[in-house]
Each structure stands twice: as structure tokens, then as C-alpha cells.
Amino acid sequence: MIIGARFNGPPGSGNGGYSAGLLAAELGTGPAEVTLRKPPPLGVEFRLSHDGPVLRALDGETVIAEARPLDEPAPSAVPPVSPAEAEQAAKAYPGFADHPFPTCYVCGHARDDGMGIFPGPVGDGRVAAPWTVADGPGQVTLWAALDCPGGWSVISEGRPYVLGRLAVWVDALPSAGDACVVLGRHVGGEGRKADVLSTVYGPGGDRLATARATWIAI
């Protein structure tokens, strides 16, 4: 397993959702939870090791991430907004003014080859963004789409966070060219940890996937 150089989050390390999705895909297509133990390095071939149901990605002897299958129902979806509301929210994306990682593959505005997901506030602790699916959508791309919107429901100016753990339930995959809406919501946490939810809706308003995540302030 290798995280390609273009799929970065912070400079020099993989986007959390993409990296987690890549490891989760090794377990199959069912619900899974991935814990990131270290910032995932780019361009490194990880050794995969099973310990019962847990799959670990190792760089040498260092555990980078751990994935496990889930046998539990998905959390409640983040309530949707219309595509027009998501478009309007994206205009107020706080990352345009203050972004800790402006070249992030998912939500970075300082690149033209990323996913271009820019979540802005829509009230009730939620953020939303439109997402037009590029060619070649798949499970890993959906994990990436669920990542940053959850983070932007808690990130504030001068208080950056990074992904610590992500659990994802996929109902259906989008198709290339689909105009989707992605939402995130801050639901709890304490200290440096924030608990968030995120949901992707397809063009017809159907739920495609929901995630539960823990973000950690740095």
C-alpha cells in the first residue's frame, strides 16, 4: 500500500480520509474504522500486518494506522441542505481566509487538482459544501470526501485540528460527474478531542455514506 504524493493533507503526509480509506479498502467494502497513529508518509510502501480482525499499516516497525471492520449500525446522518444552500455556504468557507493546510487534496484552495470541497456554515453546528465527483470515483474517494467537512465543523482561526480516527458506512458509490452535497457537524468531545459526523448525499438527495470521526487539536 502506497499513498501517492498528490493525496496529501498537511505538507508531506497523506490526507487523513484518503489514507484511512486506502487501508480500509484492504478489508473489503463493509463498514470500517481506521485509527491514524502517526502522520501517514507519502510515497512509502507500507507493510500490512493482520492481528486478528485488526489490519495494521507499518513503516518499518512503526505502526502508522490500524483498521478494523465494524458490526454496528451507522450513526444518524447529518441533516441535509439543498445544493443551492451548499453552494452559498461554500462562498463563506473559512479556509479561504485562514487554512492550516491550503494544499490539502480534499479541501485545499491552493491547488487545482484536488477535490475542491470547501465547507461553509449552514447553522446548527453544521457545515456544507457541493462536491462534483471527478472521473474514477470509488470507496477511497468517498472516505476522503467525508474527512475534511467534519473537521471544518470544529476548526477555528488559530486552532487547527488533524484527523485521529474515522469510521465510515457506505450505502452507495457516486458516479463520475455526480453533483453531491457533503455536510459535517460537531457533536461533542473534550479537551483536544472533537467528535464530528459527516454525510455525503447524492444528486437525488439519497444518502451515499456517513462517517463518525475524532479530530485532535494540534
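Quick look at the structure, then. (Residues numbered from 1 in each chain as written. Predicted model: local features only at pLDDT ≥ 70, side-chain atom pairs only at ≥ 80, totals over all residues. Heavy atoms only, no water.)

1. Side note on unusual backbone geometry
Part 1: Although it is not a glycine, Asp 124 sits at a positive phi angle of roughly 60°.
Part 2: For Asp 124, a relative accessible area of 55% gives the class exposed. (Buried < 20%, exposed > 50% of the residue type's maximum accessible area, 1.4 Å probe, protein only.)

2. Section: the side chain of Thr 199
Part 1: Following the sequence through the fold, Thr 199 ends up in strand 9 (residues 193-201).
Part 2: Residue classification places Thr 199 among the buried positions, given a relative accessible area of 0%.
Part 3: Only 2.9 Å separates the side chain of Thr 199 from the backbone nitrogen of Val 78, close enough to count as a polar contact. (Helix = DSSP H or I, 4+ residues; strand = E, 2+ residues; numbered from the N terminus. Polar contact = N/O pair within 3.5 Å; in protein donor to acceptor, adjacent residues only side chain to side chain.)

3. Thoughts on helix 2 (residues 83-91)
Part 1: Every buried residue of helix 2 is listed here: Ala 86, Ala 89 and Ala 90. Down the axis of helix 2, the buried set is contained in an arc of 100°. They therefore lie on one face. Along helix 2, exposed side chains directed more than 90 degrees from the buried face belong to Ala 84, Gln 88 and Lys 91.
Part 2: Among the structural elements, strand 5 (120-123), strand 6 (126-132) and strand 8 (179-190) are those in contact with the buried residues of helix 2. (Arc of directions from axis to C-beta. Contact = heavy atoms within 4.5 Å.)

4. What about the sheet that holds strand 8?
Part 1: The antiparallel open sheet is built from ten strands, whose spatial order is 2-3-4-1-7-10-9-8-6-5. Both outer strands of the open sheet, strand 2 (47-51) and strand 5, are each paired with one neighbouring strand and no more. Taken over all neighbouring pairs, the strand axes of this sheet differ in orientation by 25° on average, direction set aside.
Part 2: Pairing geometry for strand 1 (residues 32-36) and strand 4 (residues 62-69), over five bridges, is antiparallel. The residue bridging Thr 35 from the neighbouring strand is Glu 66, located in strand 4.
Part 3: Most of the contacts of helix 1 (residues 16-25) go to strand 1, to which it runs at about 125°, and overall it touches strand 1, strand 2, strand 3 (54-59), strand 4 and strand 7 (161-170). (Pairing = 2+ DSSP bridges. Axes fitted to C-alpha atoms, helices over the stretch in contact; angles between N-to-C directions.)

5. Overview of a positive patch on the surface
Part 1: Residues Arg 159, Arg 165, Arg 192 and Lys 193 make up a contiguous surface patch of positive charge.
Part 2: In this fold, Arg 159 is placed in the loop between helix 3 (139-151) and strand 7. (Patch = residues over 30% accessible without salt bridge, like charges linked within 9 Å, V, L, I, M, F, W, Y side chains within 5 Å. Areas by Shrake-Rupley, 256 points an atom, 1.4 Å probe, with all protein chains shown as cover. Salt bridge = Lys/Arg side-chain N within 4 Å of Asp/Glu carboxyl O. Lys, Arg positive; Asp, Glu negative; His and termini not counted. Charge placed at Lys NZ, Arg CZ, Asp CG, Glu CD.)

6. Here we look at the packing of aromatic side chains
Part 1: Per the counting criterion, the structure on display carries seven aromatic pairs.
Part 2: With a centroid separation of 6.1 Å and 80° between ring planes, the pair formed by Tyr 18 and Tyr 105 is classed as edge-to-face. Taken together, the residues Tyr 18 in helix 1 and Tyr 105 in the loop between helix 2 and strand 5 connect sequence positions 87 residues apart. Accessibility assignment for this pair places Tyr 18 and Tyr 105 in one class, buried.
Part 3: Between Tyr 93 and Phe 118, the aromatic rings sit 5.2 Å apart at their centres with planes inclined by 25°, giving stacked as the arrangement. With Tyr 93 in the loop between helix 2 and strand 5 and Phe 118 in the loop between helix 2 and strand 5, this pair connects stretches of sequence that are 25 residues apart. Exposure class is identical for Tyr 93 and Phe 118. Each is buried.
Part 4: Grouped by ring-pair contacts, the aromatic residues Tyr 93, Phe 96, Phe 118 and Trp 152 constitute a single cluster. (Phe/Tyr/Trp six-rings, centres within 6.5 Å; stacked < 30°, edge-to-face > 60°.)

7. Thoughts on the nonpolar core
Part 1: Within the largest apolar cluster, 53 residues are counted, with the highest numbers of intra-cluster contacts made by Val 34, Trp 131 and Val 200.
Part 2: With seven residues, helix 3 is the single largest residue contributor to this core.
Part 3: Once residues within four sequence positions are removed from consideration, Val 34 is found in contact with Ala 20, Leu 23, Ala 24, Ala 65, Glu 66, Ala 67, Trp 143, Gly 164, Arg 165 and Leu 166.
Part 4: Membership of the second largest hydrophobic core comes to eight residues, among which are Val 78, Val 81, Ala 128 and Tyr 201. (Core = buried A, V, L, I, M, F, W, Y, C linked by side-chain atoms within 4.5 Å.)

8. Quick notes on the pairing of strand 6
Part 1: For strand 6, the tally of buried residues reaches five of seven residues, placing the bulk of the element in the interior.
Part 2: Between strand 5 and the antiparallel strand that follows it, strand 6, lie two residues; Asp 124 among them carries a positive phi value of about 60°.

9. Section: the environment of Gly 9
Part 1: Along the chain, Gly 9 falls in the segment before helix 1.
Part 2: Considered as a pair, Gly 9 and Ser 19 are ten residues apart in the sequence and their alpha carbons are 9.5 Å apart.
Part 3: Not counting residues up to four positions away in its chain, the partners in contact with Gly 9 are Gly 14, Asn 15, Phe 101, Thr 103 and Cys 104.

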